[in-house]
Amino acid sequence: MTKRDYGLTGPGAASAAQFDHWYSCPVPRKRLKSLVKRSDVPGLISNGIWLALLAAAAVLAIVAWGTWYAVPAILFYGVVYASCADSRWHECAHGTCFRTRWLNEGLYHLASFMSLKEPYTWRWSHTRHHTHTIVVGRDPE
């Protein structure tokens, strides 16, 4: 197996620069704009449900503490905590979860903390990833 160099000046950089085939959405621009129109309401509903479920799972784990019922309760809490935080981190990093910037930023920092990610470093790393997505030799993710 060959180790790839994902540096911007590595051997894959020259071939990556020649990559000129990008996907173009077949949906007409006007229709696409209506489909991706942002609003705070869906994000508030989705994240409200998630945080309420997280709180309910925490209460369930606390109530079950000291019994064998605590094991599935803690597992449930862990799944809700960890699996949902990463996707919310990703969407808020792009600013697509909410229309309002401060809501995206607030949830981004909370989800970064929950996912054990340093928010500023990961934002720049992820930006670089999307700059070179699907280009072999350029995208370390």
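That block above? That's the structure.
What you see is a predicted model; the values in this text were computed from it and never measured. (Residues numbered from 1 in each chain as written. Predicted model: local features only at pLDDT ≥ 70, side-chain atom pairs only at ≥ 80, totals over all residues. Heavy atoms only, no water.)

Asks: In this structure, what is going on with the overall build of the chain? I would like to understand it.
Replies: The helix and strand tally for the chain stands at six helices and zero strands. Of the regular secondary structure in the chain, the N- to C-terminal order runs α-α-α-α-α-α. Per-residue burial for the chain yields a buried fraction of 28% across its 141 residues. Taking all contacts inside the chain whose residues are at least 6 apart in sequence as the whole, residues at least 24 apart take part in 61%. If you sum the accessible surface of the chain, you get close to 10300 Å²; carbon and sulfur atoms cover 67% of it. (Helix = DSSP H or I, 4+ residues; strand = E, 2+ residues; numbered from the N terminus. Buried < 20%, exposed > 50% of the residue type's maximum accessible area, 1.4 Å probe, protein only. Contact = heavy atoms within 4.5 Å. Areas by Shrake-Rupley, 256 points an atom, 1.4 Å probe, with all protein chains shown as cover.)

Asks: I would appreciate a short explanation of the environment of W124 in the present structure.
Replies: Note that W124 resides in helix α6 (residues 119–131). Separated by 31 residues in the primary sequence, W124 and A93 place their C-alpha atoms 9.8 Å from one another.

Asks: Looking at this structure, I do not really get the nonpolar core. What am I missing?
Replies: Most often, soluble globular proteins keep nonpolar side chains buried together rather than apart. Of all hydrophobic cores here, the largest spans 13 residues; its most connected members are W50, C92, C97, F98, L107 and M114. Contributions of two or more residues to this core are made by α3 (40–64), α4 (70–94) and α5 (101–114). Residue contributions to this core peak at five residues, all from α5. Setting aside residues no more than four positions away along its own chain, F98 makes contact with R38, S39, D40, G43, L44, N47, C92, L103, N104 and L107. (Core = buried A, V, L, I, M, F, W, Y, C linked by side-chain atoms within 4.5 Å.)

Asks: When you look at a nonpolar patch on the surface in this model, what are you seeing that I'm missing?
Replies: Together, V27, L32, L35 and V36 line one region of the surface with nonpolar side chains, adding up to about 310 Å² of accessible area. Take L35: it is sitting in helix α2 (residues 29–35). (Patch = residues over 30% accessible without salt bridge, like charges linked within 9 Å, V, L, I, M, F, W, Y side chains within 5 Å. Salt bridge = Lys/Arg side-chain N within 4 Å of Asp/Glu carboxyl O.)

Asks: I would appreciate a short explanation of the packing of aromatic side chains in the present structure.
Replies: Summed over all chains, the structure comprises three aromatic pairs. Where Y77 meets Y81, the ring centres are 5.8 Å apart and the plane angle is 40°; that geometry is what we call tilted. Remark: Y81 and Y77 occur in helix α4; sequence separation between them is four residues, near one turn of the helix. Between W89 and Y108, the ring centres sit 6.3 Å apart and the planes meet at 25°, which makes this aromatic pair stacked. (Phe/Tyr/Trp six-rings, centres within 6.5 Å; stacked < 30°, edge-to-face > 60°.)

Asks: Teacher, can you tell me more about the pattern of salt bridges here?
Replies: It is possible for side chains of opposite charge to pair when their charged atoms get near one another. Inspection of every chain in the model, using the stated rule, returns two salt bridges. For D86, the salt bridge is made with K117, and the minimal N-O distance between the two is 2.3 Å. With D86 in helix α4 and K117 in the loop between α5 and α6, the pair connects residues that are 31 residues apart, well separated along the chain. On the basis of relative accessible area, D86 is assigned to the partly exposed category, the value being 35%. Looking at K117, the relative accessible area reads 16%, which means it is buried. The partner of R123 in a salt bridge is E105, and the shortest N-O contact between them spans 2.9 Å. With R123 in helix α6 and E105 in helix α5, this residue pair connects regions lying 18 residues apart in the sequence.

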